[in-house]
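Below, each chain spelled out in residue letters.
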Amino acid sequence: MKHSHPEVAQGDRGIFHMWLIIVVIAYFLNALAAVVDKFLISKKISNPAVYVFYITLLGLLGLVLAPWGFSWPGGINFGVNLLAGLSFAFALQYLFKALALGDSSRVTPFIGGLSPIFVLIFSFWLLSERLSWPQMAAFALIVVGTIVISYGKNAKSSGKRSFIGWAVLSALLFGVSYTLTKYAYLHQNFVSAFVWMRLTSFLGALLLLLRRENYLAIKASRQSTDAKVGGLFIFGQVAGALSFVLVNYAISLASVTLVNALQGLQYVFLLIMVLLLAKWYPNVLSEKLKGWILVQKIIAIILVGIGLVLLV
């Protein structure tokens, strides 16, 4: 399946710009969710499994779409849905493990810069997806810009293990999940594939309960979470859930490689939010954004911006 921006017909041009607008909104919402995630993981919720459980539980709201196309997809397609859902759940688990060790403006861009490379490889092999030269240039600029944003000394890792190992594993599993998600949308209707993958993601979270410490942490979170923390958690997860739905819809319309690469926009939004909030929460969002580090991140934003322009 080929996606060639320069050859987009006039009638498809509107669809192209529609998915691009959808992606911009989605990654803004995801940046908002990431800031909330980092705050809660740093101060309120210590076990990442708690987060994965409630995120995938919230994903079951996708069942409301069932009357509009949910059906048995067949054995092979169910297997694809199952692998996509499970890999997504475990990618989240390792993402939150990495966030517990590193700064949010480094961890999430690192994963976001690496996962599109995995998606590019997997989609080339599984989906026969090819990018045009302008799209390839845009992909490279966005990924490089994303990695540049994440480069630097980790303020949170002093005396701790590096987040790199968990982050690489998370990026790999996100790459698997995104590629299989696109495969699912190519072979099933959107509603059916989406609902099945939400069910299988929750199954992945249930597997985490096999570890007693995870089960006890989730049980304790139901008893100890105060109204303020609960409200903040729900706010973050609603933003993340809306983002997830929009990203999935964009994947169903366009190149999964490009949609995934555009996570670079999320980290631009994230950087801006961190700059605005670090003054009030310096111990949580402890990002050193002065001098060369700030220049470095501005350069990264410019690279992402140029990549976005090449796509428009």
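This part covers the side chain of Thr257. Inspection of the secondary structure puts Thr257 in helix α10 (residues 256–261). A distance of 3.0 Å separates polar atoms of two side chains, one belonging to Thr257 and the other to Ser123. Of note is the side chain of Thr257, whose polar atom sits 2.8 Å from the side chain of Glu129. Not counting chain neighbours up to four residues away, the residues in contact with Thr257 comprise Val119, Leu120, Ser123, Glu129, Leu131 and Phe139.

Now for the packing of helix α2 (residues 48–59) against helix α7 (residues 190–208). Taken N-terminus to C-terminus, the directions of α2 and α7 make an angle of 155°; their axes are 8 Å apart at the nearest point. For the element pair α2 / α7, the angle class is roughly antiparallel. The handedness of the crossing between α2 and α7 is left-handed. In contact with Ala49, Val52, Phe53, Thr56, Leu57 and Gly59 of α2, α7 contributes Arg198, Ser201, Phe202, Ala205, Leu206 and Leu208. Split into classes, the residues belonging to the contact of α2 with α7 amount to eight nonpolar, three polar and one charged.

This next bit is on the nonpolar core. Counting 71 residues, the largest nonpolar core has Trp19, Leu92, Leu95, Phe96, Phe174, Val259 and Leu262 as the members making the most contacts within it. Among the elements that make up this core, the one with the highest residue count is helix α3 (residues 75–99) (11 residues). Those residues in contact with Val259, other than ones at most four positions away along the chain, are Trp19, Val23, Tyr27, Val247, Ala250, Ile251 and Ala254. If you look at the next biggest cluster of nonpolar residues, it comprises nine residues, including Ala31, Val35, Leu270 and Met273.

The rules behind each value
- Residues numbered from 1 in each chain as written.
- Predicted model: local features only at pLDDT ≥ 70, side-chain atom pairs only at ≥ 80, totals over all residues.
- Heavy atoms only, no water.
- Helix = DSSP H or I, 4+ residues; strand = E, 2+ residues; numbered from the N terminus.
- Polar contact = N/O pair within 3.5 Å; in protein donor to acceptor, adjacent residues only side chain to side chain.
- Contact = heavy atoms within 4.5 Å.
- Axes fitted to C-alpha atoms, helices over the stretch in contact; angles between N-to-C directions.
- Parallel < 35°, antiparallel > 145°, perpendicular 65-115°, else oblique.
- Left-handed = near helix turned anticlockwise from the far one by under 90°.
- Nonpolar A, V, L, I, M, F, W, Y, C, P; charged D, E, K, R; others polar.
- Core = buried A, V, L, I, M, F, W, Y, C linked by side-chain atoms within 4.5 Å.
- Buried < 20%, exposed > 50% of the residue type's maximum accessible area, 1.4 Å probe, protein only.

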